[in-house]
Amino acid sequence: MQVLSSRVLLRPSDLDASVAFYEQQVGLVRYREWGSAPHRGIVYFLGGGFLELTATPPGAPRPPAPGGVRLWLQVADVASACDELAGRGVEIAEPPERRPWGLVEAVVHDPDGLPLVIVETPIDHPLRRRD
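Peer 1: Would you mind going over the packing of aromatic side chains with me for this structure?
Peer 2: For any pair of aromatic rings, geometry is given as the distance between the ring centres together with the angle between the planes. Taken as a whole, this structure holds 4 aromatic pairs when the rule is applied. On the numbers, 5.0 Å between centres and 85 degrees between planes, the contact of Phe21 with Tyr22 is edge-to-face. Neither residue differs from the other here; Phe21 and Tyr22 are each classed as buried. Here the aromatic rings of Tyr31 and Phe45 are separated by 5.2 Å at their centres, their planes lie at 70 degrees, and the arrangement is edge-to-face. Taken together, the positions of Tyr31 in strand β2 (residues 30–36) and Phe45 in strand β3 (residues 39–46) put the pair 14 residues apart, joining distant regions of the chain. The class of Phe45 is partly exposed, set by a relative accessible area of 40%. By the ring-pair criterion, three or more aromatic residues cluster together here, those being Tyr31, Phe45 and Phe50.

If you want it as structure tokens, here you go:
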């Protein structure tokens, strides 16, 4: 199988709240959107992929959030990213900390509780080297 592109699909419980969170607080940029209520979707640039928020049609059950799913967002400076997020009203659930595996990570949550792991790869980390 040759994968040409990828995106994460979310069906938030409140589309408008999630759009506000991802655009105004996290600062993601829209790639495209489609449809109108109640069949609407917004796609955001997400580094090497995309994040799509899709409205749940009226009367349709919202799929349960899969356990263990986290969005991993790599940034150049996790402390600065957290300062920026906090300045936009995002609660930092876990402040930046160097983890035992050597990455500096912080965690915030979207309106449905999905963890967003904000990650910095320090200059001395093996991911930065090619041997």
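Next, the rest of the story.
Peer 1: Looking at this structure, I do not really get a nonpolar patch on the surface. What am I missing?
Peer 2: Together, Val29, Tyr31 and Phe45 line one region of the surface with nonpolar side chains, adding up to about 290 Å² of accessible area. Within the secondary structure, Val29 sits in the loop between α1 (15–25) and β2.

Peer 1: Help me out: how do you make sense of the sheet that holds strand β7 (residues 104–109) in this one?
Peer 2: The strands making up a sheet associate through hydrogen bonds between their backbones, and the pairing can be parallel or antiparallel. Strands sit in the order β5-β8-β7-β6 across an open sheet of 4 strands; the sheet is mixed. Unpaired on one side and paired on the other, β5 (71–74) and β6 (94–98) mark the two borders of the sheet. Ignoring strand direction, the axes of neighbouring strands in this sheet form an average angle of 20 degrees. The pairing of β6 with β7 spans 3 bridges and is classified as antiparallel. Across the sheet, residue Glu94 finds its bridge partner in β7, namely Val107.

Cut-offs used in this document
- Along each chain, the written sequence defines residue order, and numbers are assigned to residues from 1.
- For a predicted model such as this one, the threshold for reporting local features is a pLDDT of at least 70, and the threshold for listing and counting side-chain atom pairs is 80 or more; totals across whole chains, interfaces and linings nevertheless cover every residue.
- Side-chain descriptors were evaluated using all non-hydrogen atoms of the structure, hydrogens and water having been removed beforehand.
- Centres within 6.5 Å are what make two rings of Phe, Tyr or Trp a pair, Trp counting through its six-membered ring; a difference in plane orientation under 30 degrees is then read as stacked, over 60 as edge-to-face, and the rest as tilted.
- With a 1.4 Å probe rolled over the protein chains alone, any residue whose accessible area is under 20% of its type maximum counts as buried; one over 50% counts as exposed, and the rest are partly exposed.
- Strands here are runs of E lasting at least two residues and helices are runs of H or I lasting at least four, both read from the DSSP assignment and numbered beginning at the N terminus.
- A residue counts toward a patch only above 30% relative accessible area and without a salt bridge, and it is joined to like-charged neighbours within 9 Å or, for Val, Leu, Ile, Met, Phe, Trp and Tyr, to nonpolar neighbours within 5 Å.
- Note that accessible areas follow from Shrake-Rupley with a 1.4 Å probe, and for residues the cover is restricted to the protein chains shown.
- In the sections that follow, a salt bridge refers to a side-chain nitrogen of Lys or Arg positioned within 4 Å of a carboxyl oxygen of Asp or Glu.
- The criterion for strand pairing is that DSSP finds at least two bridges linking the strands in question.
- Axis definition: a line fitted to C-alpha atoms, limited for helices to the stretch in contact. Angles are taken between N-to-C directions and run from 0 to 180 degrees.

Nothing here speaks to function; it is all geometry.
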